[in-house]
Amino acid sequence: MADRLFVPWTGRDDGPGPEHARWHSVVRGWVPGEQLHEGAVVLVGFSSDEGVRRNGGRVGAAAGPAALRGALASLGDPGRPVFDAGDVVVDSDLEGGQARLGAVVGAILDAGGLPVVLGGGHAVAYGSYLGWAGRPGWGVLNVDAHFDLRASDRATSGTPFAQMAADEASAGRDFAYAVAGISRANNTRVLFDAAERLGVEVLLDEDCTPATAGAFAEEFVARVDRVHLTLDLDALPASIAPGVSAPAGFGIGLDCVRAVVRAVVGSGTLGLLEVAELNPSFDVDGRTARTAARLIDLAVRA
């Protein structure tokens with residue numbers, strides 16, 4: 001069970017009846033153990049920026065889940081059942097928080113739902129992974145300016161995919177990991193070497209167009225059964241996504257991110273959606289939160 005339980009949403013209200021329905025009027029609370037109808041979406045927040053702090057970034061991402069709910073609330077009804085499992089709230093015990101998130105994500109999957117995880121720093125990704133680890137056929141597709149393959153003696157927002165790779169190797173399983181939007185300037189040679197050693201598929205930001213990004217995603221989903229799709233908002237230009245822990249100098253176009261989302265959703269392989277690094281403290285007019293909300297809506301709309 002999440003640390004902070006579901007709180008009823010509020011938002012714009014144009015009148016009664018399903019023709020006026022918006023996210024806030026259809027979302028319902030959910031707790032582990034309750035069964036779900038096929039196609040149901042279950043949101044769970046990861047209220048944490050401890051990983052960002054450990055990685056030397058600017059803190060504030062712990063407020064990301066609340067900002068994302070606020071941006072989603074008044075969007076039109078997505079046309080499928082939507083539930084909210086509340087938030088996993090993390091203080092200095094990042095590892096414990098990741099384990100608790102993994103338990104909630106696993107429960108959502110067991111109940112037949114689609115987890116939509118709201119971050120929070122990108123350390124959220126390892127917690128989400130713990131929810132599906134050991135289930136066959138999964139792979140991770142990351143939209144990100146950074147590999148997040150740092151070597152460290154403890155978890156940070158820069159280590160989640162290195163942690164996943166180590167766990168999968170220890171279990172004797174291959175780790176399918178691809179990342180679109182990598183900035184050559186913002187990743188050291190050590191990180192490129194680590195990616196090459198692990199067989200990571202890479203699409204550089206300078207090579208990203210809607211066509212190349214969509215094709216990259218299509219090639220990845222063709223070789224896995226279920227996709228953990230993680231969207232790090234710092235992949236977008238700072239003009240579009242100023243409210244992130246590490247704003248991009250260049251970034252990739254929003255149409256590239258949309259192409260990735262559409263390719264995964266269109267393939268029928270989306271197993272988990274995650275949004276990371278929203279930092280409302282640095283947002284401008286809710287710009288980053290609104291963009292992230294539209295990407296979530298795009299991914300889950302029936």
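Residues numbered from 1 in each chain as written. Predicted model: local features only at pLDDT ≥ 70, side-chain atom pairs only at ≥ 80, totals over all residues. Heavy atoms only, no water.

*Asks:* Could you give an account of the packing of helix α4 (residues 94-110) against helix α5 (residues 124-132), naming the residues involved and the relevant values?
*Replies:* Where α4 meets α5, the axes come as close as 7 Å, and the angle between the chain directions of the two elements is 45°. In terms of their interaxial angle, α4 and α5 are classed as oblique. Viewed along their axes, α4 and α5 form a crossing whose handedness is right-handed. Only V124, Y126, G127, S128, L130, G131 and W132 of α5 make contact with α4, whose side of the interface consists of Q98, A99, L101, G102, V105, G106 and L109. Across the contact of α4 with α5, the residue classes break down as eight nonpolar, six polar and no charged. (Axes fitted to C-alpha atoms, helices over the stretch in contact; angles between N-to-C directions. Helix = DSSP H or I, 4+ residues; strand = E, 2+ residues; numbered from the N terminus. Parallel < 35°, antiparallel > 145°, perpendicular 65-115°, else oblique. Left-handed = near helix turned anticlockwise from the far one by under 90°. Contact = heavy atoms within 4.5 Å. Nonpolar A, V, L, I, M, F, W, Y, C, P; charged D, E, K, R; others polar.)

*Asks:* A description of the environment of L231 should follow, citing residues and the corresponding values.
*Replies:* Positionally, L231 belongs in strand β8 (residues 226-232). Considered as a pair, L231 and V124 are 107 residues apart in the sequence and their alpha carbons are 11 Å apart. When residues no more than four places from it in sequence are discounted, the contact partners of L231 are V143, V257, V261, L273, E274, V275, A276 and L295.

*Asks:* Pulling in residues and values, what's your account of the packing of aromatic side chains?
*Replies:* In this structure the tally under the stated criterion is seven aromatic pairs. One Lys or Arg, R58, reaches over the ring of F282 and ends 3.7 Å from the middle of that ring. (Phe/Tyr/Trp six-rings, centres within 6.5 Å; stacked < 30°, edge-to-face > 60°. Lys NZ or Arg CZ within 6 Å of the ring centre and 35° of its normal.)

*Asks:* Please give an account of the packing of helix α9 (residues 254-267) against helix α10 (residues 287-300) that cites residues and values.
*Replies:* Look at α9 against α10: their axes get within 9 Å of each other, and the N-to-C directions meet at 25°. If you check the angle between α9 and α10, you find them roughly parallel. Our pair here, α9 against α10, has a crossing hand that is right-handed. Contact residues: α9 offers L254, V257, R258, V261, R262 and V265, while α10 offers T291, L295, L298 and A299.

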